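Chain by chain, the residues run as shown.
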Amino acid sequence: MLNFRRSLPAYKLRDALLNSISQNQVVVVSGETGCGKTTQLPQYILESEIEAARGAVCSIICTQPRRISAMAVSERVAAERGQNLGESVCFCASSYWTRDAEPKVGYKVRLEGMKGRDTRLLFCTTGILLRRLLVDRSLKGVTHVIVDEIHERGMNEDFLLIVLKDLLPRRPELRLILMSATLNAELFSSYFGGAPMIHIPGFTYPVRSQFLENILEMTGYKLTPCNQVDNYGQGKMWKMQKQALRKRKSQIASAVEDAVEASDFREYSPRTRESLSCWNPDSIGFNLIEHLLCHIIRKERPGAVLVFMTGWDDINSLKDQLQGHPLLGDPSRVLLLACHGSMASSEQVTLPGPNMWAVRFERRIYACSDTM
Ligand SMILES: Nc1ncnc2c1ncn2[C@@H]1O[C@H](COP(=O)(O)OP(=O)(O)OP(=O)(O)O)[C@@H](O)[C@H]1O
């Protein structure tokens with residue numbers, strides 16, 4: 001585990017991050033998904049506090065925009081530290097901490113939580129920290145606040161930043177660390193009076209972008225005017241009709257059509273060019289998704305696929321369609337998972353068996369890191 005932690009891009013900047021945090025009240029940290037911001041930086045701070053003999057008095061709060069990430073991250077961090085959430089399994093390298101006194105990792109989300117007297121690193125939702133601020137305006141005893149995923153710009157997150165900015169002059173020893181993907185770091189830095197920015201370079205996983213034309217070329221799938229209307233089942237005929245009869249194009253659809261027209265796609269096969277000429281950008285295209293999933297599952301080693309949809313209706317209808325497919329609907333090979341904020345957290349965390357594929361449907365693309 002230690003070797004894995006050291007292999008993450010964040011580790012190379014550990015000292016620089018800690019130095020900057022000790023010298024500045026606010027620091028903005030950015031880096032690509034998976035570089036180790038969420039799981040590592042809070043631990044670096046905790047470890048440096050332990051090294052400075054402040055482990056028993058530090059209190060680090062790391063906010064997450066969603067319940068599922070607060071819970072999953074705390075579990076992961078506890079596991080990396082050889083702990084179970086809320087209890088201590090002490091094989092700390094230093095013998096300084098007795099079993100009971102070892103600083104622990106916990107989480108708190110609405111109506112659920114695992115934290116105790118010795119919790120020094122707490123993952124919680126933004127809403128939980130806002131609620132605490134209602135009754136404890138100066139965050140008494142808190143030494144570090146880490147606001148993660150600030151680029152998502154939710155109402156709660158923005159409001160939290162306003163409240164924290166107001167609090168900082170009254171708590172000069174409090175440290176605020178803002179973490180974001182690469183987007184918008186400057187914006188947050190300037191909001192906090194030019195706070196220093198640290199960028200963690202490097203990818204943990206290689207990322208390749210494949211656009212529609214590449215997918216059509218790769219899979220040989222042919223789009224026709226008829227196979228792009230999705231089946232929402234008998235009860236939802238209105239949705240199919242809306243798709244088929246839509247007269248006014250959305251702004252995005254018009255922009256996409258203009259871009260498609262402007263490009264001649266000369267390097268692609270006639271089949272792909274023909275498909276693109278009749279593509280309806282307003283349609284989600286369940287059939288294309290089904291075809292692509294089959295292609296991935298047949299060609300690649302077992303793994304996971306995330307499919308982002310626009311809403312619960314789409315998620316359910318697509319899942320229904322795939323369940324009837326001989327390959328995708330085979331529960332011994334593929335685990336189909338629908339995920340939505342209204343579902344219980346236990347339902348959202350289901351793991352596939354060995355050598356099985358997991359295909360998970362999500363509504364929000366920015367939730368992908370949690371799901372991974
Ligand atoms: N629950 C987990 N199980 C296994 N590995 C995990 C888990 N959580 C994180 N990891 C590993 O730890 C690495 C760092 O994850 P971390 O969440 O800290 O990255 P990040 O930079 O915060 O990404 P993001 O911006 O998406 O939150 C990941 O690349 C992944 O390999």
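Residues numbered from 1 in each chain as written. Predicted model: local features only at pLDDT ≥ 70, side-chain atom pairs only at ≥ 80, totals over all residues. Heavy atoms only, no water.

- By the naming in an unreviewed UniProt entry, the chain goes by RNA helicase and is assigned to Actinidia rufa.
- As stated in UniProt under Catalytic activity (unreviewed entry), the record for the chain gives "ATP + H2O = ADP + phosphate + H(+)".
- Note on the chain: under the UniProt heading Sequence similarities (unreviewed entry), the record states "Belongs to the DExH box helicase family." (UniProt positions renumbered as here; feature names shortened; annotations may be inferred.)

1. Focus on the sheet that holds strand β10 (residues 334–338)
Part 1 of the argument: If you walk across this open sheet you meet the three strands as β9-β11-β10, and the pairing is parallel. Of all the strands in the sheet, the pair left with one neighbour each is β9 (304–308) and β10. Shown here is a sheet whose adjacent strand axes are inclined to one another by a mean of 15 degrees, direction ignored.
Part 2 of the argument: By the bridge criterion, five bridges tie β10 to strand β11 (residues 357–362) in an arrangement that is parallel. Within the sheet, the bridge partner assigned to Leu335 lies in β11 and is Ala358. (Pairing = 2+ DSSP bridges. Helix = DSSP H or I, 4+ residues; strand = E, 2+ residues; numbered from the N terminus. Axes fitted to C-alpha atoms, helices over the stretch in contact; angles between N-to-C directions.)

2. Quick notes on the packing of helix α9 (residues 212–219) against helix α12 (residues 270–277)
Two measures define how a pair of helices packs: the angle their axes make with one another and the distance between the axes.
Part 1 of the argument: Between α9 and α12, the least distance of the axes is 9 Å, while the angle of their chain directions is 135 degrees. Overall, the two elements α9 and α12 adopt an arrangement that is oblique. Relative to α12, the crossing made by α9 is right-handed. Contacts between α9 and α12 involve Leu212, Glu213, Leu216 and Glu217 from the former and Thr272, Ser275 and Leu276 from the latter.
Part 2 of the argument: Of the residues contributing to the contact of α9 with α12, the split by class is three nonpolar, two polar and two charged. (Parallel < 35°, antiparallel > 145°, perpendicular 65-115°, else oblique. Left-handed = near helix turned anticlockwise from the far one by under 90°. Contact = heavy atoms within 4.5 Å. Nonpolar A, V, L, I, M, F, W, Y, C, P; charged D, E, K, R; others polar.)

3. Looking at the nonpolar core
Buried together is how nonpolar side chains tend to be arranged in soluble globular proteins.
Part 1 of the argument: Counting 31 residues, the largest nonpolar core has Val29, Leu41, Ile45, Phe123 and Ile177 as the members making the most contacts within it.
Part 2 of the argument: Look past the residues within four positions of Leu41 in its chain and what remains in contact with it is Leu17, Ile21, Val29, Gly36, Ile177 and Met179.
Part 3 of the argument: Residues Val26, Ile61, Cys124 and Ala185 belong to the second largest nonpolar core, which totals 26 residues. (Core = buried A, V, L, I, M, F, W, Y, C linked by side-chain atoms within 4.5 Å. Buried < 20%, exposed > 50% of the residue type's maximum accessible area, 1.4 Å probe, protein only.)

4. Re a nonpolar patch on the surface
Part 1 of the argument: A cluster of nonpolar residues, Phe159, Ile162 and Tyr191, forms a patch on the protein surface that exposes about 290 Å² of accessible area.
Part 2 of the argument: Locating Phe159 in the fold gives a position in helix α7 (residues 155–167). (Patch = residues over 30% accessible without salt bridge, like charges linked within 9 Å, V, L, I, M, F, W, Y side chains within 5 Å. Areas by Shrake-Rupley, 256 points an atom, 1.4 Å probe, with all protein chains shown as cover. Salt bridge = Lys/Arg side-chain N within 4 Å of Asp/Glu carboxyl O.)

5. Re the environment of Glu186
Part 1 of the argument: Positionally, Glu186 belongs in helix α8 (residues 185–191).
Part 2 of the argument: Considering only alpha carbons, one finds Glu186 and Phe123, 63 residues apart in sequence, at a separation of 25 Å.

6. A look at the packing of aromatic side chains
Part 1 of the argument: If you walk through the whole model with that rule in mind, you get two aromatic pairs.
Part 2 of the argument: Judged by centre distance (5.1 Å) and plane angle (90 degrees), the ring pair of Tyr191 and Phe192 falls under edge-to-face.
Part 3 of the argument: Judged by its relative accessible area of 32%, Tyr191 is partly exposed.
Part 4 of the argument: Each ring, one from Phe265 and one from Tyr268, has its centre 5.9 Å from the other, and the planes form 65 degrees; the classification is edge-to-face. The same class applies to Phe265 and to Tyr268, which are both buried.
Part 5 of the argument: The ring of Tyr191 has Lys165 lying over it, and the distance from NZ or CZ to the ring centre is 4.1 Å. (Phe/Tyr/Trp six-rings, centres within 6.5 Å; stacked < 30°, edge-to-face > 60°. Lys NZ or Arg CZ within 6 Å of the ring centre and 35° of its normal.)

7. Examining the sheet that holds strand β5 (residues 119–125)
Part 1 of the argument: With mixed pairing, eight strands are arranged side by side in an open sheet as β4-β3-β5-β2-β6-β7-β1-β8. The outermost strands of the open sheet, each flanked by one partner alone, are β4 (112–114) and β8 (197–200). Across this sheet, the average inter-strand angle for adjacent strands is 20 degrees, counted without regard to direction.
Part 2 of the argument: By the bridge criterion, five bridges tie strand β3 (residues 104–109) to β5 in an arrangement that is parallel. If you follow Val105 over to β5, its bridge partner there is Leu121.
Part 3 of the argument: Helix α5 (residues 67–80) rests against β2 (60–64), β3, β4 and β5 of the sheet, and its axis sits at about 170 degrees to β3.
Part 4 of the argument: Running over the sheet, helix α6 (residues 126–135) touches β2, β3, β5 and β6 (144–147) and is turned about 110 degrees from β5.

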